[in-house]
Amino acid sequence: VFDCPTRVVMRLLGRTGTEPNASLECGRAFHEFLAGYYKYALGGAFFNEYREWSESRLTNDDRRWWENVATIATEYVERYPLEELSFEVNPDRIEVEFVMPLGTAKDGTPIDVIGNLDGLVRDKLTGGLRVLEHKTTGDNIGKFKRRFDYDPQVSEYMWAASATLGEPVYGKLDAELAGAFM
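All chains use their own residue numbering, which begins from 1 and follows the written sequence. Only residues with pLDDT of at least 70 get local features here, since the model is predicted, and only at 80 or more are side-chain atom pairs given and counted; chain-wide, interface and lining totals rely on the full set of residues. The side-chain numbers reported here are obtained from all heavy atoms of the structure, hydrogens and water having been left aside.

K.L.:
Teacher, can you tell me more about the pairing of strand E3 (residues 110-123) here?
P.N.:
Residues in a regular strand project their side chains so that they alternate between the two faces of the sheet. Bridge count between strand E1 (residues 87-88) and E3: 2 bridges; the pairing is antiparallel. Note on E3: the bridge partner recorded for Glu-88 is Arg-122. By the bridge criterion, 9 bridges tie strand E2 (residues 94-104) to E3 in an arrangement that is antiparallel. In the strand pairing of E3, Glu-97 is matched with Asn-116. Pairing between strands is defined by DSSP: at least two bridges between the two strands are required. For the purposes of this entry, the term helix denotes a DSSP run of H or I that reaches at least four residues, the term strand denotes a run of E that reaches at least two, and both are numbered from the N terminus. Where E2 folds back on E3, the antiparallel hairpin that results is connected by 5 residues, among which Gly-108 adopts a positive phi of roughly 95°. Summarising the sheet, E3 and strand E4 (residues 129-137) pair through 4 bridges and their orientation is antiparallel. The partner of Val-121 across the bridge, within E4, is Arg-130.

Take a look at the structure:
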């Protein structure tokens with residue numbers, strides 16, 4: 001089974017992904033905000049749960065404090081209004097889970113690519129489909145981007161989306177927020 005590279009590493013490190021971690025929780029909350037923004041043109045309600053989590057575990061001088069994250073979300077909406085984006089959003093193609101069969105192992109175990117597309121959007125200029133990928137970090141943007149230069153996740157997603165839809169997927173669009181949480 002091919003899976004999200006981050007989840008694979010977390011499992012190899014013995015982490016289940018259920019233990020509290022401020023960076024993971026912040027990223028998850030912002031990811032939910034972006035999905036809400038692209039699907040429904042709103043996102044604020046998605047921070048209520050993160051606000052409660054943040055207030056019980058962080059101090060207000062932490063870069064991941066809920067008010068800072070909400071400020072960044074507000075700035076994102078102001079900077080990138082939906083009607084001015086270079087792509088068209090179909091709300092049904094935001095947060096799309098998929099399982100793409102690859103074949104069967106010698107012992108009969110199915111081998112699948114499993115994933116969750118942040119979005120599949122249509123480029124306004126070319127009309128082509130593209131994978132929309134959200135990444136958030138408090139890391140330096142150059143260092144952060146280099147980590148994903150050879151990451152197979154987006155290629156896998158492009159292949160699976162194309163095979164599932166029967167339509168070519170031409171590339172990806174990044175909603176990168178690297179450095180936003182520094």
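K.L.:
How should I be thinking about the pattern of salt bridges in this particular structure?
P.N.:
A pair can form between side chains of opposite charge whenever their charged atoms are brought close. Salt bridges are counted wherever a side-chain nitrogen of Lys or Arg sits within 4 Å of a carboxyl oxygen of Asp or Glu. The tally for this structure, following the rule as stated, stands at 8 salt bridges. A salt bridge links Glu-49 to Arg-28; the nearest nitrogen and oxygen atoms lie 3.7 Å apart. In this pair, Glu-49 sits in helix H3 (residues 47-57) while Arg-28 sits in helix H2 (residues 22-40), placing the two residues 21 residues apart along the sequence. Residue classification places Arg-28 among the partly exposed positions, given a relative accessible area of 26%. A salt bridge links Glu-75 to Arg-79, with the nearest nitrogen and oxygen atoms 2.3 Å apart. Placement of the pair is Glu-75 and Arg-79 together in helix H4 (residues 66-79), with a separation of 4 residues, close to one helical turn. Residue classification places Arg-79 among the exposed residues on the basis of a relative accessible area of 51%. Three exposure classes are used, based on accessible area relative to the maximum for each residue type with a 1.4 Å probe and protein chains only: buried under 20%, partly exposed in between, and exposed over 50%.

K.L.:
Looking at this model, I keep getting lost on the nonpolar core. Mind explaining?
P.N.:
Proteins that are soluble and globular tend to have nonpolar side chains buried together. One finds Phe-30, Phe-33, Tyr-38, Phe-47, Tyr-50 and Phe-87 to be the most contacted residues of the largest nonpolar core, which totals 25 residues. Elements that contribute at least two residues to this core include exactly H2, H3 and H4. The element best represented in this core is H2, accounting for 9 residues. Only buried residues count toward a nonpolar core, which is a set of Ala, Val, Leu, Ile, Met, Phe, Trp, Tyr and Cys residues joined through side-chain atoms within 4.5 Å. If you look at the next biggest cluster of nonpolar residues, it comprises 11 residues, including Leu-120, Val-131, Tyr-157 and Val-169.

K.L.:
Please explain the packing of aromatic side chains as it appears in this structure.
P.N.:
Aromatic ring pairs are reported here in terms of the distance separating the ring centres and the angle at which the planes meet. Two aromatic rings from Phe, Tyr or Trp, using only the six-membered ring of Trp, form a pair when their centres are within 6.5 Å; if the ring planes differ by under 30 degrees the pair is stacked, by over 60 it is edge-to-face, and anything between is tilted. In this structure the tally under the stated criterion is 9 aromatic pairs. Geometrically, the ring pair formed by Tyr-50 and Trp-53 is stacked, given 6.1 Å between the ring centres and 15° between the ring planes. Taken together, the residues span about one helical turn, with Tyr-50 and Trp-53 both in helix H3 at a distance of 3 residues. On the basis of relative accessible area, Tyr-50 is assigned to the buried category, the value being 1%. For Trp-53, a relative accessible area of 12% corresponds to the buried category. With 4.8 Å between their ring centres and 50° between their planes, Tyr-76 and Tyr-80 make a pair best called tilted. Judged by relative accessible area, Tyr-76 falls into the buried class, the value being 7%. By relative accessible area, which is 37% here, Tyr-80 ends up partly exposed. Ring pairing ties together the aromatic residues Phe-30, Phe-33, Tyr-37, Tyr-38, Tyr-76, Tyr-80 and Phe-87, which thus form one cluster.

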